[in-house]
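Chain by chain, the residues:
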Amino acid sequence: MSSKIIVTDHPGDWTASNSETDIISPQDYFSDEQYQKSKKFKVINLCKSYHYQSLGYYVSLLAEARGHKVMPEISTLQEFRFPSLVREDAEDFDELIQQEFRKVSGDRIEIFICFGKADFAAFNRVGLLIFNLFQAPILRAIFSKKEKWFLTNLKPLNLKELPNEHLDHLKQSLDEYLQGKKRLQKQYSRKKYDMAILVNPEETTAPSNKKAIQHFMKAAEQVGFNVDLITKNDFAKLIQYDALFIRETTNVNHHTFKFAKKAASEGLVVMDDPESILRCTNKVYLSELLSANKIPTPKYWIIRKDRPGQQKMEFDFPVIIKQPDGSFSKGVKKVKDQAELEVVLKDFFQTSDLVIAQEFIPTQFDWRVGVLNKKPFYVCKYYMATDHWQIANWKDGKLTGEGDVESIPVDQAPKQLLELAVKSTSLIGNGLYGVDIKQSNNKFYIIEINDNPNLDEGVEDQSIKQQLYLTIMQEFMSRLT
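Residues numbered from 1 in each chain as written. Predicted model: local features only at pLDDT ≥ 70, side-chain atom pairs only at ≥ 80, totals over all residues. Heavy atoms only, no water.

Our next topic: the overall build of the chain. A count of helical and extended segments in the chain gives 14 helices and 23 strands. In terms of overall dimensions, the chain is globule-like: its C-alpha atoms have a radius of gyration of 25 Å, near the 23 Å expected for 481 residues. Expressed as lengths along the three principal axes of its C-alpha atoms, the size of the chain is roughly 75 × 55 × 35 Å. Taking all 481 residues of the chain together, 51% fall into the buried category. Taking the contacts inside the chain whose residues are at least 6 apart along the sequence as the reference set, 67% of them involve residues at least 24 apart. Split by element, the accessible area of the chain, about 23,300 Å² in all, is 47% carbon and sulfur. Across the chain, the 64 positively charged side chains and the 65 negatively charged ones have centroids separated by 1 Å. (Helix = DSSP H or I, 4+ residues; strand = E, 2+ residues; numbered from the N terminus. Rg over C-alpha atoms; globule rule 2.2 N^0.38 Å. Buried < 20%, exposed > 50% of the residue type's maximum accessible area, 1.4 Å probe, protein only. Contact = heavy atoms within 4.5 Å. Areas by Shrake-Rupley, 256 points an atom, 1.4 Å probe, with all protein chains shown as cover. Lys, Arg positive; Asp, Glu negative; His and termini not counted. Charge placed at Lys NZ, Arg CZ, Asp CG, Glu CD.)

Dropping the structure here:
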């Protein structure tokens with residue numbers, strides 16, 4: 001019995017080269033006990049109608065009630081509106097369609113998109129974008145040209161509405177969607193669960209280097225996952241997986257948050273989960289959370305854009321100024337006096353109405369404690385970059401230097417350090433975190449909690465080697481079984 005099923009009115013008319021996909025009728029899906037008792041199924045609904053109270057409508061409705069991952073979802077069928085597409089990413093979308101259609105003659109284009117593939121290969125980039133925004137097996141997009149090209153109509157089609165001449169295109173696209181590139185190229189024994197690791201090959205400061213990603217993939221397979229690397233272009237493929245591991249720098253106003261939200265709503269085990277991203281990536285929230293729970297931190301002040309007089313606080317200079325959503329030591333400045341403070345605030349207030357001012361505590365190194373499900377599992381010392389006050393030295397947006405890193409066994413780390421890391425992350429959730437802590441004499445202070453900590457080969461794994469990767473993958477598996 002496969003975990004992937006296609007539900008269609010006439011199963012005999014369909015074949016799938018992927019032997020791990022079952023093709024069944026709506027009646028089988030409604031009545032067969034195996035589909036009622038398990039939540040593990042991934043359903044592709046290819047019924048001849050999605051109209052209200054049709055068989056196709058009830059396939060999607062019951063799939064959601066049973067906790068199955070289904071395409072299309074009822075919300076897609078009921079609330080399909082073009083304005084939401086515009087709000088999603090209007091500028092990028094507009095730029096793409098102008099580029100793709102610049103050589104097209106005439107003033108109207110109709111495209112049939114099946115699982116992200118357009119009926120004309122030249123329009124596949126447009127097709128993939130639309131499919132990622134609206135997950136429906138078959139979409140019809142109509143573009144019209146006046147002064148420039150516009151998407152004037154976008155509709156999910158059922159099987160009956162698809163012209164017969166496009167049926168072969170649908171079947172081929174469905175087969176490629178189910179197989180995936182990796183599975184077409186690599187033969188290996190299938191495992192019970194599927195994991196996606198979200199990466200950005202273009203990111204210069206990714207949270208894991210390429211060798212670490214390879215270790216994660218090996219560890220995932222070792223504990224029982226089939227594993228694929230995916231990118232932001234694979235949003236619509238999430239329903240095929242049981243787990244999502246985000247190894248791209250996260251932010252709320254970013255596609256990584258959208259991936260996390262979608263994965264969580266579909267019942268995937270996901271790290272970083274959307275709540276952790278929301279809570280960790282904003283330093284204003286984090287500072288208030290730690291303060292309210294009496295977690296020791298450096299002194300801090302919240303400075304508001306609409307209260308300019310507040311900027312003349314009696315800081316003990318130098319003071320650290322932080323953008324609320326900075327990462328990798330970016331968006332953090334040390335200012336030495338009032339004049340420099342005002343320059344930095346003017347810059348930071350261009351993108352945020354609030355900034356954080358934090359007491360400067362000079363140290364030779366910062367502690368980093370990795371916490372997974374409320375247990376510490378690695379500890380590092382990050383030393384400051386040469387002739388700099390941070391572990392990473394950024395100049396004009398470029399990383400010009402980093403300090404050394406020393407990894408030590410957890411059982412050799414100070415007990416107070418570990419307890420503070422666990423206590424603080426427990427306020428966030430039970431996911432994967434990297435806690436930055438400063439030590440002044442015998443006192444420890446939380447600097448930040450990172451939902452998407454660095455996990456690099458040759459750095460964070462110095463002490464425990466492969467066990468770092470296995471520990472994380474074993475946690476994923478334990479949450480599924």
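Cis geometry marks the peptide bond from Met271 to Asp272; its omega dihedral reads 15°. Following the sequence through the fold, Asp272 ends up in the loop between strand E12 (269-271) and helix H10 (274-280). The linkage connecting Phe317 with the following residue, Pro318, adopts the cis geometry, with an omega of 0°. Here Pro318 is to be found in the loop between strand E13 (300-304) and strand E14 (319-322). One non-glycine residue with positive phi stands out, namely Lys294, at about 55°. By the secondary structure assignment, Lys294 is in the loop between helix H11 (283-292) and E13. Residue classification places Lys294 among the exposed positions, given a relative accessible area of 70%.

Attention now moves to the sheet that holds E13. Pairing within the open sheet is antiparallel, and its four strands lie in the order E13-E16-E14-E15. With partners counted over all chains shown, the strands left at the sheet margins are E13 and strand E15 (332-335), one partner each. The mean inter-strand angle of the sheet, taken between neighbouring strand axes irrespective of direction, is 25°. With five bridges joining them, E13 and strand E16 (residues 354-359) adopt antiparallel strand pairing. When the sheet's bridge partners are listed, Trp301 is paired in E16 with Ala357. Packing of helix H12 (residues 338-348) onto the sheet brings it into contact with E13, E14, E15 and E16, and relative to E15 it is tilted by some 160°. (Pairing = 2+ DSSP bridges. Axes fitted to C-alpha atoms, helices over the stretch in contact; angles between N-to-C directions.)

Applying the stated criterion across every chain yields a total of 18 aromatic pairs. An angle of 75° between the planes, with centres 6.0 Å apart, marks the rings of Phe131 and Tyr177 as edge-to-face. Residue Phe131 is located in helix H6 (residues 124-133), and its partner Tyr177 is located in helix H7 (residues 167-185); the two are separated by 46 residues in the primary sequence. Taken individually, Phe131 and Tyr177 each receive the classification buried, so the pair is uniform in this respect. Ring centres of Phe235 and Phe259 lie 5.2 Å apart, and the angle between their planes is 75°; this geometry places the pair in the edge-to-face category. Remark: Phe259 occurs in helix H9 (residues 255-265) and Phe235 occurs in the loop between strand E10 (225-230) and strand E11 (243-246); sequence separation between them is 24 residues. Its relative accessible area of 7% is what places Phe235 among the buried residues. Residue Phe259 is classed as buried on the basis of its relative accessible area, which comes to 1%. Members of the aromatic cluster, connected to one another through ring pairs, are Phe101, Phe120, Phe123, Phe143 and Trp149. The ring of Phe41 has Lys40 lying over it, and the distance from NZ or CZ to the ring centre is 5.9 Å. (Phe/Tyr/Trp six-rings, centres within 6.5 Å; stacked < 30°, edge-to-face > 60°. Lys NZ or Arg CZ within 6 Å of the ring centre and 35° of its normal.)

Counting buried residues along E10, five of its six residues qualify, which places the element largely inside the surrounding structure. Alignment of strand E9 (residues 193-198) against E10, held across six bridges, turns out to be parallel. Bridging from a neighbouring strand, Tyr193 pairs with Phe225 of E10. Read from E9 through helix H8 (residues 210-223) to E10, the crossover connection turns out right-handed. (Right-handed = clockwise from strand over helix to strand, strands pointing away.)

A separate point is helix H3 (residues 55-65). Owing to its 3.6 residues per turn, the α-helix aligns residues three or four sequence positions apart on the same side. When we look at burial in H3, the residues that qualify are Gly56, Tyr57, Val59, Ser60 and Ala63. Projected onto a plane normal to the axis of H3, the buried residues spread over an arc of 160° and lie on a single side. (Arc of directions from axis to C-beta.)

Further remarks concern the environment of Tyr241. Residue placement: Tyr241 occurs in the loop between E10 and E11. Counting along the chain gives 148 residues from Tyr241 to Phe93, while the straight-line C-alpha distance between them is 27 Å. Engagement of the side chain of Tyr241 in a polar contact is seen with the side chain of Asp228, the distance being 2.8 Å. (Polar contact = N/O pair within 3.5 Å; in protein donor to acceptor, adjacent residues only side chain to side chain.)

This part takes up the pattern of salt bridges. Tallying each qualifying case throughout the model produces 18 salt bridges. Among the salt bridges present, the one from Lys42 reaches Asp194, with a minimum N-O distance of 3.2 Å. On the criterion of sequence distance, the pair formed by Lys42 in strand E3 (residues 42-45) and Asp194 in strand E9 is long-range, its members being 152 residues apart. You'll find Lys42 and Asp194 in the same group, each marked buried. Where Glu266 meets Lys262, a salt bridge forms, and the shortest distance between an N and an O atom there is 3.0 Å. The exposure classification of Glu266 matches that of Lys262, with both residues buried. (Salt bridge = Lys/Arg side-chain N within 4 Å of Asp/Glu carboxyl O.)

Shape descriptors only; they carry no functional weight alone.
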